[in-house]
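Now for the letters of each chain:
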Amino acid sequence: MVTVRVPAPLRRLTSEQRLVKATGKTLSEVVRDLERQFPGFAARVLDNDGKVLSFVNIFVDNEDVRFLQGLQTPVREDAEVAIIPAMAGGTL
Amino acid sequence: MSAQQLKCRECGAVYPLDPIFVCERCFGPLEVLYDYDALPRPLQRTFEAGPKSMWRYESLLPSRRDPEIDLAPGFSPLLHALRLGRKLGLEQLYIKNDSVNPTWSFKDRVVGVAIVTAKRFGFDVAACASTGNLANAVAAHAARAGMRACVFIPRGLERGKVLATSVYRPTIVEVDGNYDEVNRLCAQIAEEHRWAFVNVNLRPYYSEGGKTLGFEVAEQLGWRAPDHVVVPIASGSLLVKIHKGLSELHRTGVIPSVRTKTHGAQAEGCAPVANAFAAGQDQIQPVKPQTIARSLAIGDPADGRYVLRLARENGGRILAVSDEEIVEGISLLAETEGVFTETAGGVTVGVLRRLAEEGVFGPEEVVVAYITGMGLKTAEAVEDVVAPPIAIRPTLRDFEANVLGAVGAVS
């Protein structure tokens, strides 16, 4: 299972857990699984077009997915996904 | 001090003045909100009565000065650059020489605000992700404040920066990655441990210190805004805050208008903002930096979007120069105005020169170039372009044979 690090603003949705498990072969599938487990999760990290929000950085095994395949980035069996606020300005 | 609340720059949600930096609703960045109308008028009298440091402008900063820990940053010289100006066809060119700060970079301003804020919030450890100057400033200010410091830097920083930082005995962590990876790591650490990362969880307070570079220039010009500013871009925060400072002076009736064009300077080897500007895009594509201007080597600039928006609104340009032009910029400033800046300053002078060549400045317009750091910290950049001393024996004959000709006629 994939380990997901949940940033402070989203812990309300995960009963204050900062580390949760999820399944999925791509980041997109992982997000869908997170939504299934914690309803409302997807809307906090994706915009209406299903793209990652400007102010959210997502890392798969410490690599920024914008340097990989974005939401289509493949995710290994025991990968670590970190969701981190983008500090100040947004990017993609 | 008129700070009231934190407000999300994107969705407008408001929060109390807590050590938070991210909007709970939309993840957007938070910014300090002031009650401008509550300030005494004329506000410039308050400023003029203040200390000869950045704390002069305390009424527009989010924290109060603490005299026991203050290193007195700011109030740096604004030099009328006649010789450089003549070379570039500019009569009213000014150099804001911020290399003369307590740790020789403008970071002393933002860190001065951050450390006093960190103390107020009861943090024990001051920390940062840094390309060098920030670590130096955090280490120094933390030492004076009696706080522990832990600074995170990428591998490969210039020796002068690391040496200068280590003297204050912080914990220096050298991360095997570039700055963006260090930044990401620090964001993760800040989520898990109650440390004051000045440019992460204290960022809304920290960044306000940059406004003082706008306030001071306006005061030094006789309470007016310059026509153009040229500012180096790392995260982009400084350019945005300089403009915010000028806007606040207008808002509080201190200066009559702000028609300043904000030009940004990057290195070609790390130009995500310049690239987006040239391509007419709103989105910044992050890059993997490759440039001698390590101070500016931030491939994913946090304030990039805001820089783009600002420049397009006010007619500023965002340009990038080559590593060669950077070194030429350092030499040019040193040889014409007697100021030795680091590579980030070389970037600024390089872009200033390009803008002048492209006719962006009117010959009588007031142009201010911000020199944000000191040359000894990036000594490697100029090692190959400086001339060695002339070696002679202590005889008049040796002098006349080897030196007179070299010195030549004074023009």
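One numbering rule holds for all chains: residues counted from 1, following each sequence as written. Throughout, the order in which chains and ligands are written sets their labels, letters from A for the former and numbers from 1 for the latter. Residues qualify for local features only when their pLDDT is at least 70, as the model is predicted, and side-chain atom pairs are given and counted only at 80 or more; totals for whole chains, interfaces and linings, by contrast, use all residues.

Student: When you look at unusual backbone geometry in this model, what are you seeing that I'm missing?
Tutor: Note: most residues except glycine have negative phi, and most peptide bonds are trans. Residues and elements named next belong to chain B. Following Arg41, the chain continues to Pro42 via a peptide bond in cis, the omega torsion being -5°. The residue Pro42 is located in the loop between β3 (30–34) and α1 (43–48) in this model. With phi around 55°, Ala72 is a residue other than glycine that occupies positive phi space. Helix and strand definitions follow DSSP, with helices as H or I runs of at least four residues and strands as E runs of at least two, each counted in order from the N terminus. Position of Ala72 relative to the elements: it lies in the loop between α1 and β4 (78–80). Look at Ala72 and you get partly exposed, because 16 C-beta atoms sit within 10 Å. The phi angle at Trp104 is positive, at roughly 65°, despite the residue not being glycine. Tracing the backbone through its elements, the reader meets Trp104 in the loop between β5 (92–97) and α3 (107–120). Each residue is classified by how many other C-beta atoms fall within 10 Å of its C-beta atom, where C-beta atoms are placed from the backbone; a count of 20 or more means buried, 12 or fewer means exposed, and values in between mean partly exposed.

Student: Help me out: how do you make sense of the sheet that holds strand β4 (residues 63–64) of chain A in this one?
Tutor: Through backbone hydrogen bonds, the strands of a sheet pair up, either in parallel or in antiparallel fashion. When DSSP finds at least two bridges between two strands, those strands are taken to pair. Spatially, β2-β1-β5-β3-β4 (chain A) is the arrangement adopted by the five strands of the open sheet, whose pairing is mixed. The sheet is open, and its two edges are formed by β2 (19–22) and β4 of chain A, each paired on a single side. Residue pairs qualify as contacts under a 7 Å threshold applied to their C-beta atoms, which are placed from the backbone. To get an axis, a line is fitted to the C-alpha atoms, and for a helix only the part in contact is used. The angle between two axes follows their N-to-C directions and goes from 0 to 180 degrees. Where helix α1 (residues 27–37) of chain A meets the sheet, its contacts fall on β1 (2–5), β2, β3 (56–60) and β5 (80–85) of chain A, and the angle it forms with β2(A) comes to roughly 110°. Helix α6 (residues 179–192) of chain B contacts β3 and β5 of chain A of the sheet and is inclined by roughly 85° relative to β5(A).

Student: In this structure, what is going on with the pairing of β5(B)? I would like to understand it.
Tutor: On any regular strand, side chains alternate: one points to one face of the sheet, the next to the other face. In terms of burial, β5(B) is a largely internal element, six of the six residues being buried. The side-chain alternation of β5(B) yields two buried faces, one formed by B:Gln92, B:Tyr94 and B:Lys96 and the other by B:Leu93, B:Ile95 and B:Asn97.

Student: How should the environment of B:Cys186 be read in this particular structure?
Tutor: All names here are of chain B. With respect to the helices and strands, the residue Cys186 is situated in helix α6. Judged by the 25 C-beta atoms lying within 10 Å of it, Cys186 is buried. When the C-alpha positions of Cys186 and Val307 are compared, they lie 24 Å apart, and in sequence the two are 121 residues distant. Contact partners of Cys186, with chain neighbours within four places excluded, come to Ala127, Ala129, Phe152, Phe197 and Val200.

Student: Any chance you could explain α6(B) here in plain terms?
Tutor: Side chains that are three or four residues apart share a direction in an α-helix, a result of its 3.6 residues per turn. In this scheme, a helix's expected span is set at 1.5 Å multiplied by one less than its residue total. Across its 14 residues, α6(B) extends 20 Å between first and last C-alpha, which sits within 8% of the 20 Å expected from 1.5 Å per residue. Among all positions in α6(B), only B:Tyr179, B:Asp180, B:Val182, B:Asn183, B:Arg184, B:Cys186, B:Ala187 and B:Ala190 are buried. Those residues of α6(B) that are buried lie in contact with β3 and β5 of chain A together with β6 (125–129), β7 (148–154), β8 (171–175) and β9 (196–197) of chain B.

Student: What exactly am I supposed to notice about the environment of B:Ala274 here?
Tutor: All names here are of chain B. Along the chain, the position of Ala274 falls in helix α10 (residues 272–278). Between the C-alpha atom of Ala274 and that of Gly264, which follows or precedes it by 10 residues, the distance is 7.9 Å. When residues no more than four places from it in sequence are discounted, the contact partners of Ala274 are Gln266, Ile318, Leu319 and Ala320.

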